[in-house]
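Observations on the three-dimensional arrangement
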Amino acid sequence: MSLNVWGYLDEYANEREELLQAVDAVFSSGRLVLGESVRGFETEFAAYHGIAHCVGLDNGTNAVQLTLESLGIGAGDEVITVANTAAPTIIAIVGSGATPVFVDVLADSCLMDTGQVESAITPRTKALLPVHLYGQCVDMAPLRGIARAHGLAIVEDCAQAHGARQHGRPAGTMSDAAAFSFYPTKVLGAYGDGGGVLTGDDAVAAKLRRLRYYGMEDEYYVVHTPAHNSRLDEVQAEILRRKLGRLDGYIADRRAVARRYEEGLRDVPGLQLPRTVPGNDHVFYVYVVRHPRRDHILAQLRRHGINLNVSYPWPVHTMTGFAHLGYRKGALPVTEALADSVFSLPMYPTLKKDDQDRVIEAVRNAAAVAL
Ligand SMILES: Cc1ncc(COP(=O)(O)O)c(C=O)c1O
């Protein structure tokens, strides 16, 4: 039988009753947009992080874009980030009107090389946008120092890091505002699209609430600054509320799978396993390994019915859609080398031990032939 990359079908089988109750609760409430479920989720998600505000939005891309807009960032401004990320991070920056400026990532963690940030700052720089990729946090202390020294905002992209921590602090609480996606595959995923922003700043939260709702101020239909329709759906919010109570359990299960992969694969020649940076609590949104003959291994595993994901095969700065930014191949050597060698093993809380063993054995066999 073939093995999926993601686990939400298994999860649905386990949680079906509760999820259907959540849908029924919303349908029978008669309040289908910005009602009790969105408010409840916002309160509970903020409380989980020990921060003042969560603003529920329609997806993670808009969460990044509206966060930038809420901080007054737009046309003519530059935002320093990485190209080793999902394209929507960059789409959101471009969508705000600002220009993304890329620094490279570190070879061991695959995360933003904060040592390159200062030299990328120009008079137009307004914000730093670290992406907590794969499930662990970018080193935030140096970024916070740089932001303070240069008067810059920091926006965390937490789409892949729900529940991750750094020196005990939750991802999403180490910046001016932090964007989350609740896309179904995420560590906390909805059954459709969803997103949200955490912030400790009352004014930023108020601005986000206006931005997601046409730009309306107080009275209905009075728009001062035309904005978006970017509301979190009430049904998804109710589902997320129920799943939030299980988030720590999902993370514990993901870590158990990661430990097993580590035990089963650490001696495989040529295979590089993910490294948790000291001080980080990794949540393993994806389990990203590297091998110089990645494509050979992918082909072997697919022949055995094991479907794998690659995050990411094409660095954003080399995509034709971003050619106008002016980066050429070779500009970000670590990011580009990763694109040729990374792949992700199946990783989800419900992944059975037998299936983990099947993955381990298939990777060992493929790697033995590859070298
Ligand atoms: C790092 C990162 N940022 C932003 C997004 C965008 O989220 P969404 O798909 O909910 O718009 C994603 C989703 O894949 C992501 O992985």
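Structure: above.
Residues numbered from 1 in each chain as written. Predicted model: local features only at pLDDT ≥ 70, side-chain atom pairs only at ≥ 80, totals over all residues. Heavy atoms only, no water.

Thoughts on the sheet that holds strand β10 (residues 280-281)
Formally: If DSSP finds at least two bridges between two strands, the strands pair. Strands are runs of DSSP state E lasting at least 2 residues, helices are runs of H or I lasting at least 4, and numbering of each runs from the N terminus.
A sheet is described by the order of its strands in space; here three strands give the open sequence β7-β6-β10, paired in antiparallel fashion. Only two strands of the sheet have a single neighbouring strand rather than two, namely β7 (169-170) and β10. Pairing of strand β6 (residues 165-166) with β10 involves two bridges; the strand directions are antiparallel. Within the sheet, the bridge partner assigned to Arg-165 lies in β10 and is Asp-281.

Looking at the site of the ligand
Heads up, the condition is: Each residue is tested against the molecule or strand, and it is near if at least one of its non-hydrogen atoms lies within 4 Å. All accessible-area figures derive from a Shrake-Rupley calculation using a 1.4 Å probe, and residue coverage is judged against the displayed protein chains alone. The nonpolar class holds Ala, Val, Leu, Ile, Met, Phe, Trp, Tyr, Cys and Pro. Asp, Glu, Lys and Arg form the charged class, and all remaining residues, Gly among them, are polar.
Taken together, 14 residues form the shell around the ligand, and within it Gly-60, Thr-61, Asp-157, Gln-160 and Ser-181 come nearest. Protein burial of the ligand: of its 390 Å² of free accessible surface, 89% is covered by the chains. For the shell around the ligand, the elements supplying multiple residues, two or more each, are α3 (60-70) and α4 (87-96). Here the shell around the ligand is built from residues that sort into five nonpolar, seven polar and two charged.

Observations concerning helix α9 (residues 247-265)
Side chains of residues three or four places apart in an α-helix project in the same direction, reflecting 3.6 residues per turn. Here is the rule: The span one expects for a helix is its residue count, reduced by one, times 1.5 Å. Exposure categories follow from relative accessible area, calculated using a 1.4 Å probe and restricted to protein chains: below 20% of the type maximum is buried, above 50% is exposed, and the middle band is partly exposed. Think of it as the arc spanned by the lines of direction from the helix axis to the C-beta atoms.
Between its first and last C-alpha, α9 extends 27 Å over 19 residues, near the 27 Å set by a 1.5 Å rise per residue. Those residues of α9 that sit buried are Leu-247, Tyr-250, Ile-251, Arg-254, Val-257, Ala-258, Tyr-261, Gly-264 and Leu-265. For α9, the arc enclosing every buried residue in end-on projection is 150°, short of the 170-degree limit, so these residues lie on one face. Exposed residues pointing more than 90 degrees away from the buried face of α9 are listed as Arg-259 and Glu-263.

Looking at the layout of surface pockets
What counts, and what does not: Buriedness for pockets is judged along seven lines, at least five of which must meet protein on both sides within 12 Å for an open set on the 1 Å grid over protein atoms alone, while cavities are sets there where a 1.4 Å probe fits but cannot get out, and lining residues have an atom within 4 Å of a point. Grid points are joined across faces, edges and corners, and a volume is the space filled by probe spheres set on the points.
Space inside the largest pocket adds up to approximately 310 Å³. In terms of lining, the largest pocket is formed by 24 residues, of which the most central are Ala-86, Pro-88, Ala-159, Ser-181 and Lys-186. For the lining of the largest pocket, the elements supplying multiple residues, two or more each, are α3, α4 and β8 (177-181). Of all the elements, α3 adds the most residues to the lining of the largest pocket, at three residues.

Section: the packing of helix α2 (residues 36-49) against helix α8 (residues 234-244)
The geometry of a pair of packed helices is captured by two quantities: the angle between their axes and the separation between those axes. Put simply, the test is: Working convention: axes come from line fits to C-alpha atoms, limited for helices to the stretch in contact. Angles between N-to-C directions cover 0 to 180 degrees. Here is the rule for handedness: rotate from the far helix to the near one, and if that takes an anticlockwise turn smaller than a right angle the crossing is left-handed, while a clockwise turn gives right-handed. Contacts are residue-level and defined by heavy atoms, with any inter-residue pair within 4.5 Å sufficient.
Running from N to C, α2 and α8 point in directions that differ by 35°, and their axes come no closer than 8 Å. The handedness of the crossing between α2 and α8 comes out as left-handed. For the pair α2 and α8, the contacting residues are Glu-36, Ser-37, Val-38, Gly-40, Phe-41, Glu-44, Phe-45 and Tyr-48 in the first and Glu-234, Ala-237, Glu-238, Leu-240, Arg-241 and Leu-244 in the second. Of the residues in the contact of α2 with α8, the class split is seven nonpolar, two polar and five charged.

Things to note about the packing of aromatic side chains
We count it as follows: Between the rings of Phe, Tyr and Trp (Trp by its six-membered ring), a pair exists once the centres lie within 6.5 Å; its type follows the angle of the planes, with under 30 degrees stacked, over 60 edge-to-face, and the other angles tilted.
Under the defined criterion, the tally for this structure stands at 11 aromatic pairs. Aromatic pair Phe-45 and Phe-182: ring centres 5.3 Å apart, planes at 85°, arrangement edge-to-face. Pair noted here: Phe-45 is in helix α2 and Phe-182 is in the loop between β8 and β9 (195-199), with a separation of 137 residues, a long-range link. Look at Tyr-261 and Tyr-287: their rings are 5.1 Å apart centre to centre, the planes differ by 55°, and that puts the pair in the tilted class. Of this pair, Tyr-261 sits in helix α9 while Tyr-287 sits in strand β11 (residues 287-290), and the two are 26 residues apart along the sequence. Through pairs of rings, three or more aromatic residues link up here, namely Phe-41, Phe-45, Phe-180 and Phe-182.

Side note on the pattern of salt bridges
Cut-off, in case you're wondering: Each reported salt bridge corresponds to a side-chain nitrogen of Lys or Arg within 4 Å of a carboxyl oxygen of Asp or Glu.
On inspection of all chains with the given rule, the structure shows 16 salt bridges. With a closest N to O distance of 4.0 Å, Arg-266 and Glu-262 form a salt bridge. For the salt bridge of Arg-294 with Asp-295, the shortest nitrogen-to-oxygen distance reads 2.7 Å. For Asp-295, a relative accessible area of 52% translates into the label exposed. In this structure, a network of salt bridges that share partners links the residues Glu-44, Glu-238, Arg-241 and Arg-242.

Some points on a nonpolar patch on the surface
Quick reminder of the rule: To count toward a patch, a residue needs a relative accessible area above 30% and no salt bridge. Like charges then connect within 9 Å, nonpolar side chains (Val, Leu, Ile, Met, Phe, Trp, Tyr) within 5 Å.
On the surface, Phe-27, Leu-32 and Val-33 cluster together into a nonpolar patch covering about 300 Å² of accessible area. Mapped onto the fold, Phe-27 is located in helix α1 (residues 8-29). The exposure class assigned to Phe-27 is exposed, which follows from its relative accessible area of 55%.

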